[in-house]
Number of protein chains: 2
Amino acid sequence: MNEPQIAEPEPLRALIQALRRLPGVGERSARRMAYHLLQHDLVGADQLSRALEHATTALQHCQRCNGFTVQTICETCANPRRDPALLCVVETPADQNMIEATHGYRGLYYVLMGRLTPLEGIGPDALQFDRLLERAGDGQVQEVILATNFTAEGETTAHHLAEMLSSQGLKVTRLARGVPAGSELEYVDPSTIAWALMERRAT
Amino acid sequence: MNEPQIAEPEPLRALIQALRRLPGVGERSARRMAYHLLQHDLVGADQLSRALEHATTALQHCQRCNGFTVQTICETCANPRRDPALLCVVETPADQNMIEATHGYRGLYYVLMGRLTPLEGIGPDALQFDRLLERAGDGQVQEVILATNFTAEGETTAHHLAEMLSSQGLKVTRLARGVPAGSELEYVDPSTIAWALMERRAT
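What you see is a predicted model, and the numbers here were worked out from it, not measured in a lab.

Conventions and cut-offs
Residues numbered from 1 in each chain as written. Chains lettered and ligands numbered in written order. Predicted model: local features only at pLDDT ≥ 70, side-chain atom pairs only at ≥ 80, totals over all residues. Heavy atoms only, no water. Helix = DSSP H or I, 4+ residues; strand = E, 2+ residues; numbered from the N terminus. Rg over C-alpha atoms; globule rule 2.2 N^0.38 Å. Buried < 20%, exposed > 50% of the residue type's maximum accessible area, 1.4 Å probe, protein only. Contact = heavy atoms within 4.5 Å. Areas by Shrake-Rupley, 256 points an atom, 1.4 Å probe, with all protein chains shown as cover. Lys, Arg positive; Asp, Glu negative; His and termini not counted. Charge placed at Lys NZ, Arg CZ, Asp CG, Glu CD. Axes fitted to C-alpha atoms, helices over the stretch in contact; angles between N-to-C directions. Parallel < 35°, antiparallel > 145°, perpendicular 65-115°, else oblique. Nonpolar A, V, L, I, M, F, W, Y, C, P; charged D, E, K, R; others polar. Core = buried A, V, L, I, M, F, W, Y, C linked by side-chain atoms within 4.5 Å. UniProt positions renumbered as here; feature names shortened; annotations may be inferred. Buried area = accessible area lost by both parts, 1.4 Å probe. Salt bridge = Lys/Arg side-chain N within 4 Å of Asp/Glu carboxyl O. Polar contact = N/O pair within 3.5 Å; in protein donor to acceptor, adjacent residues only side chain to side chain. pLDDT = per-residue confidence, 0-100.

## With respect to the overall build of chain A
The secondary structure content of chain A amounts to eight helices and six strands. Reading the helices (α) and strands (β) of chain A from amino to carboxyl end gives α-α-α-β-β-α-β-α-β-α-β-α-β-α. Its C-alpha radius of gyration of 22 Å places chain A more than 25% over the 17 Å reference for a compact globule of 203 residues. Summarising its shape, the C-alpha atoms of chain A cover approximately 70 × 50 × 35 Å along the three principal directions. When each of the 203 residues of chain A is scored for burial, the buried share is 42%. Within chain A, contacts between residues separated by at least 24 positions form 47% of all contacts whose residues are at least 6 apart in sequence. About 11000 Å² of surface is accessible on chain A, with carbon and sulfur atoms providing 52% of the total. Here chain A contributes 19 positive and 25 negative side-chain charges, whose respective centroids are spaced 3 Å apart.

## Digging into the packing of helix 2 (residues 27–40) of chain B against helix 3 (residues 42–58) of chain B
All names here are of chain B. Contact geometry of helix 2 with helix 3 gives a least axis separation of 5 Å together with a crossing angle of 115°. When the axes of helix 2 and helix 3 are compared, the pair comes out roughly perpendicular. Residue-level contacts link Leu 37, Leu 38 and His 40 of helix 2 to Leu 42, Gly 44 and Ala 45 of helix 3. Of the residues that constitute the contact of helix 2 with helix 3, the class distribution is four nonpolar, two polar and no charged.

## Description of the nonpolar core
Judged by nonpolar contacts, the single largest core of 60 residues is most densely connected at Leu 15, Leu 19 and Leu 22 of chain A together with Leu 15, Leu 19 and Leu 22 of chain B. With sequence-adjacent residues up to four places away left out, Leu 15 of chain A is seen in contact with Ala 34 and Leu 38 of chain A together with Leu 48, Ala 51, Leu 52 and Ala 55 of chain B.

## A closer look at the UniProt feature "domain: Toprim" (unreviewed entry) in chain A
The feature "domain: Toprim" (unreviewed entry), as annotated in UniProt, sits at residues 85–180 of chain A in this numbering. Secondary structure within residues 85–180 of chain A divides into 32% helix and 20% strand; the distance between the first and last C-alpha atoms comes to 28 Å.

## Details of the interface of chain A and chain B
Much of the literature gives interface size as the accessible area that the parts lose upon coming together. With 61 residues of chain A at the interface, the matching set in chain B holds 61 residues. At the boundary of chain A with chain B, total buried surface from both sides reaches about 5400 Å², with 70% on carbon and sulfur atoms. Taken together, chain A and chain B are joined by two salt bridges. Put simply, Asp 41 of chain B and Arg 21 of chain A hold a salt bridge, and the shortest N to O gap is 2.9 Å. One can count nine residue pairs in polar contact (both at pLDDT 80 or more) joining chain A with chain B. For the side of chain A that touches chain B, the elements supplying multiple residues, two or more each, are helix 1 (10–20), helix 2 (27–40), helix 3 (42–58), strand 2 (68–69), helix 4 (75–78) and helix 5 (93–100) of chain A. By residue number, the principal contributor to the side of chain A that touches chain B is helix 3 of chain A, which donates 14 residues.

## Re the confidence of the model for chain A
All names here are of chain A. A residue-level look at chain A finds 97% of positions with pLDDT of 70 or above and a mean pLDDT of 90. Helix 8 (residues 190–198) is the least confidently modelled element of chain A, averaging 83 in pLDDT, while strand 4 (residues 107–111) averages 96, the highest of any element. Complex prediction metrics read pTM 0.77 and ipTM 0.77.

If you want it as C-alpha coordinates, here you go:
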(Lines give C-alpha, C1' and ligand atoms only; values in the text may rest on other atoms or scores of the structure.)
Protein backbone atom coordinates (compact mmCIF):
# COMPACT_ATOMS: atom_id res chain seq x y z
CA MET A 1 0.00 0.00 0.00
CA ASN A 2 2.84 2.33 0.85
CA GLU A 3 5.06 0.93 -1.90
CA PRO A 4 6.61 3.83 -3.73
CA GLN A 5 5.02 4.48 -7.10
CA ILE A 6 7.62 7.04 -8.01
CA ALA A 7 11.05 5.53 -8.44
CA GLU A 8 12.92 6.54 -5.29
CA PRO A 9 16.52 7.59 -5.81
CA GLU A 10 18.81 4.67 -5.07
CA PRO A 11 20.58 6.18 -2.01
CA LEU A 12 17.20 6.85 -0.40
CA ARG A 13 15.95 3.34 -1.13
CA ALA A 14 19.17 1.85 0.24
CA LEU A 15 18.84 3.89 3.43
CA ILE A 16 15.24 2.80 3.94
CA GLN A 17 16.19 -0.85 3.45
CA ALA A 18 19.07 -0.51 5.92
CA LEU A 19 16.82 1.10 8.54
CA ARG A 20 14.32 -1.75 8.14
CA ARG A 21 16.90 -4.14 9.59
CA LEU A 22 16.52 -2.44 12.97
CA PRO A 23 14.30 -4.44 15.32
CA GLY A 24 10.71 -3.19 15.37
CA VAL A 25 11.11 -0.98 12.32
CA GLY A 26 8.86 -1.64 9.32
CA GLU A 27 8.68 -0.08 5.88
CA ARG A 28 6.65 2.90 6.99
CA SER A 29 8.77 3.76 10.05
CA ALA A 30 11.97 3.30 8.06
CA ARG A 31 10.74 5.76 5.44
CA ARG A 32 9.74 8.25 8.13
CA MET A 33 13.16 7.92 9.78
CA ALA A 34 14.93 8.40 6.47
CA TYR A 35 12.93 11.52 5.59
CA HIS A 36 13.50 12.90 9.06
CA LEU A 37 17.26 12.42 8.96
CA LEU A 38 17.62 13.77 5.42
CA GLN A 39 15.34 16.71 5.89
CA HIS A 40 15.78 17.75 9.48
CA ASP A 41 18.83 16.08 11.01
CA LEU A 42 21.80 15.66 8.70
CA VAL A 43 24.06 16.05 11.73
CA GLY A 44 22.24 13.16 13.39
CA ALA A 45 22.61 11.02 10.26
CA ASP A 46 26.32 11.66 10.20
CA GLN A 47 26.59 10.98 13.93
CA LEU A 48 24.73 7.68 13.58
CA SER A 49 26.86 6.59 10.65
CA ARG A 50 30.07 7.22 12.57
CA ALA A 51 28.75 5.71 15.81
CA LEU A 52 27.84 2.51 13.98
CA GLU A 53 31.24 2.25 12.40
CA HIS A 54 33.04 3.04 15.64
CA ALA A 55 30.96 0.62 17.71
CA THR A 56 31.29 -2.29 15.30
CA THR A 57 35.06 -1.90 15.10
CA ALA A 58 35.90 -0.90 18.69
CA LEU A 59 33.61 -3.12 20.75
CA GLN A 60 34.33 -6.73 21.57
CA HIS A 61 33.00 -9.30 23.98
CA CYS A 62 34.56 -9.41 27.44
CA GLN A 63 36.50 -12.66 27.67
CA ARG A 64 35.05 -13.33 31.10
CA CYS A 65 31.42 -12.10 31.12
CA ASN A 66 30.71 -11.91 27.37
CA GLY A 67 29.38 -8.33 27.73
CA PHE A 68 30.40 -5.51 25.41
CA THR A 69 33.69 -3.83 26.21
CA VAL A 70 36.56 -1.99 24.57
CA GLN A 71 39.09 -3.92 26.61
CA THR A 72 39.78 -7.64 26.78
CA ILE A 73 38.25 -7.85 30.25
CA CYS A 74 35.47 -5.38 31.10
CA GLU A 75 35.55 -3.01 34.07
CA THR A 76 33.08 -5.03 36.10
CA CYS A 77 35.00 -8.28 35.73
CA ALA A 78 38.28 -6.48 36.48
CA ASN A 79 36.90 -4.90 39.65
CA PRO A 80 38.70 -6.55 42.62
CA ARG A 81 35.90 -5.54 45.01
CA ARG A 82 33.45 -7.83 43.25
CA ASP A 83 32.81 -11.23 44.84
CA PRO A 84 34.24 -13.89 42.48
CA ALA A 85 32.25 -16.64 44.19
CA LEU A 86 28.94 -15.41 42.77
CA LEU A 87 28.10 -15.51 39.07
CA CYS A 88 24.80 -14.07 37.86
CA VAL A 89 23.66 -15.18 34.40
CA VAL A 90 21.52 -12.68 32.47
CA GLU A 91 20.16 -12.58 28.93
CA THR A 92 21.25 -9.06 27.96
CA PRO A 93 23.32 -6.11 29.19
CA ALA A 94 20.00 -4.34 29.85
CA ASP A 95 19.08 -7.08 32.35
CA GLN A 96 22.50 -6.71 33.94
CA ASN A 97 21.82 -3.00 34.38
CA MET A 98 18.52 -3.73 36.10
CA ILE A 99 20.25 -6.01 38.61
CA GLU A 100 22.96 -3.43 39.22
CA ALA A 101 20.22 -0.86 39.84
CA THR A 102 19.21 -2.78 42.97
CA HIS A 103 22.63 -1.99 44.51
CA GLY A 104 22.18 -5.33 46.24
CA TYR A 105 24.50 -7.56 44.22
CA ARG A 106 28.27 -7.52 44.49
CA GLY A 107 29.12 -10.65 42.51
CA LEU A 108 30.07 -11.03 38.86
CA TYR A 109 28.02 -11.56 35.71
CA TYR A 110 27.79 -13.65 32.61
CA VAL A 111 25.79 -12.18 29.72
CA LEU A 112 24.25 -14.78 27.40
CA MET A 113 23.40 -12.19 24.72
CA GLY A 114 20.18 -14.03 24.00
CA ARG A 115 18.02 -16.92 25.14
CA LEU A 116 17.22 -20.38 23.85
CA THR A 117 14.73 -20.06 20.99
CA PRO A 118 14.77 -23.40 19.19
CA LEU A 119 12.13 -22.19 16.71
CA GLU A 120 14.59 -19.59 15.47
CA GLY A 121 17.45 -22.05 15.51
CA ILE A 122 19.08 -20.49 18.57
CA GLY A 123 20.30 -23.43 20.63
CA PRO A 124 23.03 -24.02 23.22
CA ASP A 125 25.70 -23.84 20.52
CA ALA A 126 24.61 -20.47 19.16
CA LEU A 127 24.65 -19.08 22.70
CA GLN A 128 28.03 -20.68 23.37
CA PHE A 129 26.97 -22.41 26.56
CA ASP A 130 30.40 -24.08 26.62
CA ARG A 131 31.95 -20.66 27.30
CA LEU A 132 29.68 -20.18 30.31
CA LEU A 133 30.53 -23.68 31.50
CA GLU A 134 34.22 -22.87 31.31
CA ARG A 135 33.69 -19.50 33.03
CA ALA A 136 31.65 -21.05 35.86
CA GLY A 137 34.21 -23.81 36.30
CA ASP A 138 37.12 -21.46 37.08
CA GLY A 139 37.38 -22.85 40.61
CA GLN A 140 36.33 -19.56 42.22
CA VAL A 141 32.62 -19.53 41.36
CA GLN A 142 30.58 -21.25 44.07
CA GLU A 143 27.07 -20.26 43.10
CA VAL A 144 25.50 -19.48 39.75
CA ILE A 145 22.37 -17.31 39.97
CA LEU A 146 20.12 -17.75 36.95
CA ALA A 147 18.51 -14.39 36.21
CA THR A 148 17.09 -15.07 32.76
CA ASN A 149 13.64 -13.62 32.13
CA PHE A 150 10.50 -15.24 33.50
CA THR A 151 9.14 -15.78 30.01
CA ALA A 152 8.70 -19.16 28.38
CA GLU A 153 12.02 -18.82 26.59
CA GLY A 154 13.84 -17.46 29.63
CA GLU A 155 12.52 -20.31 31.78
CA THR A 156 13.59 -22.89 29.20
CA THR A 157 17.02 -21.34 29.11
CA ALA A 158 17.25 -21.37 32.92
CA HIS A 159 16.12 -24.99 33.04
CA HIS A 160 18.72 -26.04 30.49
CA LEU A 161 21.49 -24.10 32.24
CA ALA A 162 20.50 -25.48 35.64
CA GLU A 163 20.91 -29.04 34.40
CA MET A 164 24.16 -28.29 32.65
CA LEU A 165 25.75 -26.44 35.56
CA SER A 166 24.58 -28.64 38.42
CA SER A 167 25.90 -31.69 36.61
CA GLN A 168 29.31 -30.04 37.09
CA GLY A 169 28.75 -29.93 40.83
CA LEU A 170 27.98 -26.18 40.92
CA LYS A 171 25.35 -24.68 43.19
CA VAL A 172 22.67 -23.21 40.96
CA THR A 173 19.93 -20.81 42.12
CA ARG A 174 17.15 -18.89 40.39
CA LEU A 175 15.70 -15.45 41.16
CA ALA A 176 12.65 -15.81 43.42
CA ARG A 177 9.20 -15.68 41.86
CA GLY A 178 6.47 -13.90 43.77
CA VAL A 179 4.30 -10.86 44.23
CA PRO A 180 6.00 -7.65 42.97
CA ALA A 181 6.91 -5.08 45.62
CA GLY A 182 4.22 -2.45 46.14
CA SER A 183 1.49 -4.36 44.37
CA GLU A 184 -2.03 -5.12 45.56
CA LEU A 185 -3.06 -8.76 45.33
CA GLU A 186 -6.27 -7.79 43.55
CA TYR A 187 -4.25 -6.64 40.56
CA VAL A 188 -1.64 -9.40 40.47
CA ASP A 189 -2.20 -12.16 37.91
CA PRO A 190 -3.26 -15.55 39.36
CA SER A 191 -0.20 -17.47 38.16
CA THR A 192 2.08 -15.07 40.04
CA ILE A 193 0.00 -15.57 43.19
CA ALA A 194 0.13 -19.32 42.64
CA TRP A 195 3.94 -19.15 42.54
CA ALA A 196 4.02 -16.90 45.59
CA LEU A 197 1.88 -19.41 47.48
CA MET A 198 4.02 -22.38 46.50
CA GLU A 199 7.23 -20.57 47.39
CA ARG A 200 5.89 -18.97 50.58
CA ARG A 201 8.43 -18.52 53.32
CA ALA A 202 8.48 -18.24 57.12
CA THR A 203 8.46 -14.66 58.41
CA MET B 1 14.89 3.46 35.65
CA ASN B 2 16.78 1.93 32.75
CA GLU B 3 19.78 4.18 33.23
CA PRO B 4 22.86 2.03 33.02
CA GLN B 5 24.38 1.33 36.41
CA ILE B 6 27.41 -0.31 34.89
CA ALA B 7 29.53 2.13 32.93
CA GLU B 8 28.79 1.33 29.29
CA PRO B 9 31.78 1.37 26.98
CA GLU B 10 31.95 4.70 25.15
CA PRO B 11 31.32 3.37 21.61
CA LEU B 12 28.17 1.62 22.81
CA ARG B 13 26.93 4.72 24.64
CA ALA B 14 27.62 6.86 21.57
CA LEU B 15 25.68 4.45 19.35
CA ILE B 16 22.69 4.45 21.69
CA GLN B 17 22.68 8.26 21.78
CA ALA B 18 22.86 8.43 17.99
CA LEU B 19 19.97 5.97 17.59
CA ARG B 20 17.88 8.06 19.98
CA ARG B 21 17.85 10.86 17.43
CA LEU B 22 15.64 8.75 15.17
CA PRO B 23 11.98 9.77 15.38
CA GLY B 24 9.97 7.59 17.74
CA VAL B 25 13.02 5.96 19.31
CA GLY B 26 13.52 6.34 23.06
CA GLU B 27 16.30 5.21 25.36
CA ARG B 28 15.01 1.67 25.71
CA SER B 29 14.41 1.06 21.99
CA ALA B 30 17.76 2.61 21.12
CA ARG B 31 19.51 0.24 23.52
CA ARG B 32 17.63 -2.74 22.09
CA MET B 33 18.58 -1.69 18.55
CA ALA B 34 22.22 -1.27 19.51
CA TYR B 35 22.40 -4.69 21.17
CA HIS B 36 20.66 -6.27 18.21
CA LEU B 37 23.03 -4.77 15.66
CA LEU B 38 26.16 -5.53 17.66
CA GLN B 39 25.16 -9.02 18.63
CA HIS B 40 23.14 -10.32 15.71
CA ASP B 41 23.57 -8.08 12.69
CA LEU B 42 27.02 -6.61 12.21
CA VAL B 43 26.41 -6.73 8.47
CA GLY B 44 23.26 -4.66 8.95
CA ALA B 45 25.14 -2.15 11.10
CA ASP B 46 27.76 -1.74 8.42
CA GLN B 47 25.10 -1.47 5.74
CA LEU B 48 23.24 1.23 7.69
CA SER B 49 26.42 3.20 8.35
CA ARG B 50 27.27 3.24 4.63
CA ALA B 51 23.70 3.93 3.54
CA LEU B 52 23.55 6.96 5.82
CA GLU B 53 26.81 8.32 4.52
CA HIS B 54 25.86 7.67 0.91
CA ALA B 55 22.39 9.17 1.24
CA THR B 56 23.53 12.32 3.01
CA THR B 57 26.21 13.00 0.43
CA ALA B 58 24.45 11.86 -2.75
CA LEU B 59 20.91 13.09 -2.26
CA GLN B 60 19.81 16.65 -2.92
CA HIS B 61 16.52 18.45 -3.35
CA CYS B 62 15.06 18.57 -6.84
CA GLN B 63 15.27 22.19 -8.00
CA ARG B 64 11.71 22.02 -9.29
CA CYS B 65 9.68 19.85 -6.88
CA ASN B 66 11.91 19.91 -3.78
CA GLY B 67 11.77 16.09 -3.51
CA PHE B 68 14.86 13.95 -2.94
CA THR B 69 16.89 13.15 -6.02
CA VAL B 70 20.43 12.37 -7.14
CA GLN B 71 20.11 14.67 -10.13
CA THR B 72 19.41 18.39 -10.30
CA ILE B 73 15.91 17.75 -11.61
CA CYS B 74 14.17 14.54 -10.51
CA GLU B 75 12.77 11.94 -12.92
CA THR B 76 9.17 12.95 -12.34
CA CYS B 77 9.80 16.63 -13.07
CA ALA B 78 11.90 15.72 -16.10
CA ASN B 79 9.19 13.45 -17.53
CA PRO B 80 7.83 15.15 -20.69
CA ARG B 81 4.58 13.15 -20.48
CA ARG B 82 3.61 14.87 -17.27
CA ASP B 83 1.13 17.75 -17.54
CA PRO B 84 3.00 20.96 -16.60
CA ALA B 85 -0.26 22.86 -16.08
CA LEU B 86 -1.08 20.94 -12.88
CA LEU B 87 0.96 21.25 -9.69
CA CYS B 88 0.05 19.12 -6.67
CA VAL B 89 1.44 20.29 -3.31
CA VAL B 90 2.10 17.54 -0.74
CA GLU B 91 3.73 17.49 2.68
CA THR B 92 6.11 14.55 2.17
CA PRO B 93 7.41 12.15 -0.48
CA ALA B 94 5.25 9.47 1.19
CA ASP B 95 2.13 11.53 0.43
CA GLN B 96 3.35 11.94 -3.15
CA ASN B 97 3.60 8.16 -3.40
CA MET B 98 0.04 7.75 -2.19
CA ILE B 99 -1.25 10.08 -4.90
CA GLU B 100 0.80 8.30 -7.54
CA ALA B 101 -0.73 5.03 -6.33
CA THR B 102 -4.11 6.22 -7.59
CA HIS B 103 -2.76 6.21 -11.15
CA GLY B 104 -5.17 9.07 -11.69
CA TYR B 105 -2.86 12.07 -11.66
CA ARG B 106 -0.57 13.03 -14.50
CA GLY B 107 0.52 16.48 -13.36
CA LEU B 108 3.61 17.53 -11.46
CA TYR B 109 4.35 17.87 -7.74
CA TYR B 110 5.82 20.17 -5.17
CA VAL B 111 6.97 18.57 -1.91
CA LEU B 112 6.88 20.89 1.10
CA MET B 113 8.94 18.52 3.28
CA GLY B 114 6.85 19.49 6.27
CA ARG B 115 3.81 21.51 7.32
CA LEU B 116 3.25 24.74 9.18
CA THR B 117 3.74 24.10 12.90
CA PRO B 118 4.10 27.52 14.52
CA LEU B 119 4.46 25.96 17.95
CA GLU B 120 7.66 24.27 16.80
CA GLY B 121 8.83 27.40 15.05
CA ILE B 122 8.18 25.99 11.57
CA GLY B 123 6.70 28.89 9.62
CA PRO B 124 6.51 29.89 5.95
CA ASP B 125 10.20 30.75 5.92
CA ALA B 126 11.37 27.40 7.26
CA LEU B 127 9.28 25.65 4.59
CA GLN B 128 10.57 28.03 1.93
CA PHE B 129 7.16 29.02 0.63
CA ASP B 130 8.89 31.53 -1.64
CA ARG B 131 10.36 28.62 -3.60
CA LEU B 132 6.89 27.18 -4.16
CA LEU B 133 5.65 30.61 -5.20
CA GLU B 134 8.41 30.86 -7.76
CA ARG B 135 7.76 27.31 -8.98
CA ALA B 136 4.02 27.90 -9.34
CA GLY B 137 4.64 31.16 -11.14
CA ASP B 138 6.60 29.61 -13.98
CA GLY B 139 3.91 30.60 -16.48
CA GLN B 140 2.99 26.99 -17.24
CA VAL B 141 1.20 26.06 -14.03
CA GLN B 142 -2.50 26.83 -14.28
CA GLU B 143 -3.86 25.03 -11.24
CA VAL B 144 -2.31 24.27 -7.88
CA ILE B 145 -3.91 21.31 -6.08
CA LEU B 146 -3.38 21.48 -2.32
CA ALA B 147 -2.98 17.92 -1.04
CA THR B 148 -1.66 18.57 2.44
CA ASN B 149 -3.08 16.33 5.15
CA PHE B 150 -6.54 16.87 6.59
CA THR B 151 -5.11 17.42 10.06
CA ALA B 152 -5.20 20.73 11.89
CA GLU B 153 -1.66 21.52 10.76
CA GLY B 154 -2.24 20.35 7.20
CA GLU B 155 -5.41 22.46 6.95
CA THR B 156 -3.60 25.51 8.30
CA THR B 157 -0.85 24.98 5.74
CA ALA B 158 -3.40 24.62 2.93
CA HIS B 159 -5.21 27.76 4.06
CA HIS B 160 -2.00 29.76 4.12
CA LEU B 161 -0.89 28.47 0.72
CA ALA B 162 -4.31 29.11 -0.80
CA GLU B 163 -4.16 32.77 0.19
CA MET B 164 -0.59 33.15 -0.97
CA LEU B 165 -1.09 31.47 -4.35
CA SER B 166 -4.49 32.89 -5.27
CA SER B 167 -3.19 36.41 -4.57
CA GLN B 168 -0.84 35.70 -7.50
CA GLY B 169 -3.82 34.99 -9.73
CA LEU B 170 -3.35 31.20 -9.68
CA LYS B 171 -6.26 28.78 -9.59
CA VAL B 172 -6.02 26.90 -6.29
CA THR B 173 -7.98 23.73 -5.45
CA ARG B 174 -8.05 21.35 -2.50
CA LEU B 175 -8.59 17.58 -2.40
CA ALA B 176 -12.27 16.84 -1.80
CA ARG B 177 -13.41 15.97 1.70
CA GLY B 178 -16.06 13.30 2.04
CA VAL B 179 -16.99 9.74 2.89
CA PRO B 180 -14.10 7.30 2.23
CA ALA B 181 -14.64 4.78 -0.57
CA GLY B 182 -16.08 1.47 0.63
CA SER B 183 -17.19 2.75 4.01
CA GLU B 184 -20.57 2.39 5.72
CA LEU B 185 -22.07 5.63 7.01
CA GLU B 186 -22.68 4.03 10.40
CA TYR B 187 -18.96 3.83 10.98
CA VAL B 188 -17.90 7.19 9.54
CA ASP B 189 -17.24 9.97 12.03
CA PRO B 190 -19.86 12.75 12.14
CA SER B 191 -17.52 15.55 11.08
CA THR B 192 -16.68 13.66 7.88
CA ILE B 193 -20.39 13.21 7.16
CA ALA B 194 -20.94 16.89 7.88
CA TRP B 195 -18.30 17.77 5.27
CA ALA B 196 -19.78 15.30 2.79
CA LEU B 197 -23.19 16.90 3.24
CA MET B 198 -21.90 20.42 2.78
CA GLU B 199 -19.92 19.48 -0.29
CA ARG B 200 -22.58 17.21 -1.79
CA ARG B 201 -22.68 17.15 -5.56
CA ALA B 202 -25.21 16.45 -8.31
CA THR B 203 -25.12 12.88 -9.59
